[in-house]
Amino acid sequence: VSALKLSYFYKRYFINFAQVHVLMVVAKLCTGSLRPHFFATCQPDKLLNCTENSLVYDYKCTKEHVFWTRDAFMSFFSGHALLISYSCFFLILYLQHRFKSRHTFCLPFTQAVLISVAFFVSISRVFDNRHHVIDITVGGIIGVLAAFHIWYTQCNKFKDDEDKIDEIIDTNEQMLPARNLSR
């Protein structure tokens, strides 16, 4: 694989990675779901009594850490789960395309490792008390769907793209001045 072909592929991957990241940030800002550590981070002036059946809307955070207080409202959906699922499944699809029948043991093993990495990174967010299970579930599903969507809409005709890149390389080589390699 030439450097130009590889750069063409990575350009598509990183542009879509940025788009998925923007989608995630907008969703986090719009939903405003509380993280599991909200009470420890915010320490509201009106601590809730769990025996009451009322929801308190009027409170003030007693901690002065503005960033951490804002961050405590951005639980849904997990950005780590979304981005690691997108990256791993996109790489799985790429490896499946590049190594069709060769490496009969290496390919499934590598794909299983990538799925395990995506799972353990996602589930670690629950154990770190940063997300609820539903947050990482939705983030993971959206990441997998984004990887499949981007692969099948933009990279499904990867072979055709390789032919186009070969044409571009041939055109560029014809435009370059002839080099004298003999000394």
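Remarks on the overall build of the chain
And then number 1: Helix and strand counts for the chain come out as 7 helices and 0 strands.
And then number 2: Relative to its 183 residues, the chain shows a buried fraction of 31%.
And then number 3: A separation threshold of at least 6 residues defines the contact pool for the chain, and within that pool the share at least 24 residues apart is 76%.

Considerations on the packing of helix 4 (residues 79–98) against helix 6 (residues 133–155)
And then number 1: It is the contact of helix 4 with helix 6, at a shortest axis distance of 7 Å, that shows an interaxial angle of 35 degrees. Crossing angle aside, the handedness with which helix 4 passes helix 6 is right-handed.
And then number 2: Looking at side-chain class alone, the contact of helix 4 with helix 6 contains 17 nonpolar, 5 polar and no charged residues.

Overview of a nonpolar patch on the surface
And then number 1: Side chains of Phe-105, Phe-109, Val-113 and Val-117 sit close together on the surface and give an oily, nonpolar patch of about 390 Å² of accessible area.
And then number 2: Inspection of the secondary structure puts Val-117 in helix 5 (residues 106–127).

A look at the packing of aromatic side chains
And then number 1: For the coordinates displayed, the defined rule picks out 13 aromatic pairs.
And then number 2: Feature note: the residues Tyr-10, Tyr-13, Phe-14, Phe-17, Tyr-86, Phe-90 and Trp-151 constitute an aromatic cluster, connected by ring pairs.

Concerning helix 5
And then number 1: End to end, helix 5 covers 31 Å across 22 residues, agreeing with the expected 32 Å (1.5 Å per residue, within 8%).
And then number 2: Along helix 5, the residues that are buried comprise Leu-107, Gln-111, Leu-114, Ala-118, Ser-122 and Arg-125. The buried side chains of helix 5 occupy one side of the element, clustering within an arc of 60 degrees when seen end-on. For helix 5, the exposed residues lying more than 90 degrees away from the buried face are Phe-120 and Phe-127.
And then number 3: In this structure, the buried side of helix 5 is in contact with helix 4 and helix 6.
And then number 4: A positive phi of about 65 degrees marks Asn-129, the residue just after helix 5.

Observations regarding the side chain of Ser-78
And then number 1: Take Ser-78: it is sitting in the loop between helix 3 (66–71) and helix 4.
And then number 2: Among the polar contacts made by the side chain of Ser-78, one reaches the main-chain amide nitrogen of Ala-81 at a distance of 3.1 Å.
And then number 3: Each residue touching Ser-78, except ones within four places of it in the same chain, is listed here: Arg-125, His-131, Asp-135, Ile-136 and Gly-139.

As for the confidence of the model for the chain
Caution applies to low-pLDDT parts of the model: their predicted coordinates are not meant to be read in detail.
And then number 1: Residues of the chain with pLDDT of at least 70 account for 73%, and the chain-wide mean is 78.
And then number 2: When pLDDT is averaged over each element of the chain, helix 5 comes out on top at 92 and helix 7 (residues 158–175) at the bottom at 58.

As for unusual backbone geometry
And then number 1: Phi angles above zero are rare outside glycine, and Asn-129 is one such case at about 65 degrees.
And then number 2: With respect to the secondary-structure elements, Asn-129 resides in the loop between helix 5 and helix 6.
And then number 3: Judged by its relative accessible area of 37%, Asn-129 falls in the partly exposed class.

Observations concerning the packing of helix 4 against helix 5
And then number 1: Following both chains from N to C, one finds helix 4 and helix 5 inclined at 175 degrees, their axes separated by 9 Å at the closest point. When the axes of helix 4 and helix 5 are compared, the pair comes out roughly antiparallel. Residues His-80, Ala-81, Ile-84, Ser-85, Cys-88, Phe-89, Leu-91, Ile-92, Leu-95 and Gln-96 of helix 4 touch helix 5, and the partners they reach there are Leu-107, Thr-110, Gln-111, Leu-114, Ile-115, Val-117, Ala-118, Val-121, Ser-122 and Arg-125.
And then number 2: Tallied by class, the residues present in the contact of helix 4 with helix 5 amount to 13 nonpolar, 6 polar and 1 charged.

Side note on the environment of Phe-39
And then number 1: With respect to the secondary-structure elements, Phe-39 resides in helix 2 (residues 38–42).
And then number 2: With a relative accessible area of 42%, Phe-39 lands in the partly exposed category.
And then number 3: Spatially, the C-alpha atoms of Phe-39 and Ala-72 are 8.9 Å apart, while their sequence positions differ by 33 residues.

Thresholds applied
- Residues numbered from 1 in each chain as written.
- Predicted model: local features only at pLDDT ≥ 70, side-chain atom pairs only at ≥ 80, totals over all residues.
- Heavy atoms only, no water.
- Helix = DSSP H or I, 4+ residues; strand = E, 2+ residues; numbered from the N terminus.
- Buried < 20%, exposed > 50% of the residue type's maximum accessible area, 1.4 Å probe, protein only.
- Contact = heavy atoms within 4.5 Å.
- Axes fitted to C-alpha atoms, helices over the stretch in contact; angles between N-to-C directions.
- Left-handed = near helix turned anticlockwise from the far one by under 90°.
- Nonpolar A, V, L, I, M, F, W, Y, C, P; charged D, E, K, R; others polar.
- Patch = residues over 30% accessible without salt bridge, like charges linked within 9 Å, V, L, I, M, F, W, Y side chains within 5 Å.
- Areas by Shrake-Rupley, 256 points an atom, 1.4 Å probe, with all protein chains shown as cover.
- Salt bridge = Lys/Arg side-chain N within 4 Å of Asp/Glu carboxyl O.
- Phe/Tyr/Trp six-rings, centres within 6.5 Å; stacked < 30°, edge-to-face > 60°.
- Expected span 1.5 Å × (residues − 1).
- Arc of directions from axis to C-beta.
- Polar contact = N/O pair within 3.5 Å; in protein donor to acceptor, adjacent residues only side chain to side chain.
- pLDDT = per-residue confidence, 0-100.
- Parallel < 35°, antiparallel > 145°, perpendicular 65-115°, else oblique.

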